[in-house]
Amino acid sequence: MSTQGEVITNNRIGFEKSNRALGFLYKEWYEIISKFLSEIDGISLELGCGASFIDQINKSIKKTDVFFNSNTDFKLNAMDIGKDFENKISNLILVNVFHHISDPELFLKSAEKSLLLGGRII
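Residues numbered from 1 in each chain as written. Predicted model: local features only at pLDDT ≥ 70, side-chain atom pairs only at ≥ 80, totals over all residues. Heavy atoms only, no water.

**Q** Is there a simple way to think about the pairing of strand β2 (residues 61-65) in this case?
**A** The side chains of a regular strand alternate, residue by residue, between the two faces of the sheet. Burial of β2 is extensive: four of the five residues sit out of reach of the surface. Relative to β2, strand β1 (residues 43-47) is paired through three bridges, and the arrangement is parallel. Within β2, the position partnered with Leu45 by the bridge is Lys62. As paired strands, β2 and strand β3 (residues 74-75) are joined by two bridges and run parallel to one another. (Buried < 20%, exposed > 50% of the residue type's maximum accessible area, 1.4 Å probe, protein only. Helix = DSSP H or I, 4+ residues; strand = E, 2+ residues; numbered from the N terminus. Pairing = 2+ DSSP bridges.)

If you want it as structure tokens, here you go:
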């Protein structure tokens, strides 16, 4: 059975085609984010991707969310990032996600563990 969040996300996938203005805005954000990515060799990961299409702008970015759907590469709880990806992340990307994180301080400590030296949270 799908959760309400899964249903909402599935309905939003492809929003950039039906809402061209919003799609243009997100495309611009994704292009700006791509310019600031660390170039160190590691994983570039978007947390809480929802209906994101950042991978259409930058093919090297893997997309995750708290549930798996057709738009995610895999399921990941943001709080587990440090445990699951210790010293493996070159870029940790969050777009409109931080307000969903229940314990921001604990998340940032975990995120710090996930980063390679020179890695970035964007």
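**Q** Hey, could you run me through the pattern of salt bridges in this one?
**A** Where side chains of opposite charge bring their charged atoms close, a pairing between them can arise. Throughout the structure, instances matching the rule amount to six salt bridges. Note that Asp84 is salt-bridged to Lys83, the shortest N-O span being 3.9 Å. Residue class for Asp84 comes out partly exposed when judged on its relative accessible area of 36%. Its relative accessible area of 62% is what places Lys83 among the exposed residues. Here Lys109 and Glu105 are joined by a salt bridge, their closest N and O atoms 3.6 Å apart. Taken as a pair, Lys109 and Glu105 lie in helix α6 (residues 104-114) at a separation of four residues, close to a single helical turn. Among the residues examined, Glu105 registers a relative accessible area of 54% and is labelled exposed. Via salt bridges that share partners, Asp80, Lys83 and Asp84 belong to a single interconnected network. (Salt bridge = Lys/Arg side-chain N within 4 Å of Asp/Glu carboxyl O.)

**Q** Explain the side chain of Asn71 to me, please; I cannot follow it from the model alone.
**A** Along the chain, Asn71 falls in the loop between β2 and β3. Asn71 sits in the buried class, given a relative accessible area of 12%. A polar side-chain atom of Asn71 sits 2.7 Å from the main-chain carbonyl oxygen of Gly50. Side chain to side chain, Asn71 and Lys63 meet in a polar contact 2.7 Å long. Excluding its chain neighbours within four sequence positions, the residues that come into contact with Asn71 are Ile13, Cys49, Gly50, Ala51, Ser52 and Lys63. (Polar contact = N/O pair within 3.5 Å; in protein donor to acceptor, adjacent residues only side chain to side chain. Contact = heavy atoms within 4.5 Å.)

**Q** When you look at unusual backbone geometry in this model, what are you seeing that I'm missing?
**A** Apart from glycine, the bulk of residues carry a negative phi angle, and the bulk of peptide bonds sit in the trans form. Positive phi, close to 55 degrees, is recorded for Asn87, a residue that is not glycine. Locating Asn87 in the fold gives a position in the loop between α5 (81-84) and β4 (89-94). Even without being a glycine, Asn96 presents a positive backbone phi close to 55 degrees. Here Asn96 is to be found in the loop between β4 and α6. Taking relative accessible area as the criterion, Asn96 reaches 45% and is therefore assigned partly exposed.

**Q** I'm lost on the sheet that holds β2 in this one. Help?
**A** The strands that make up a sheet are held in pairs by hydrogen bonds between backbone atoms, and each pair lies either parallel or antiparallel. The strand order across the open sheet formed by five strands is β3-β2-β1-β4-β5, and the pairing between neighbours is parallel. In this open sheet, the two edge strands, each paired with only one partner strand, are β3 and β5 (115-121).

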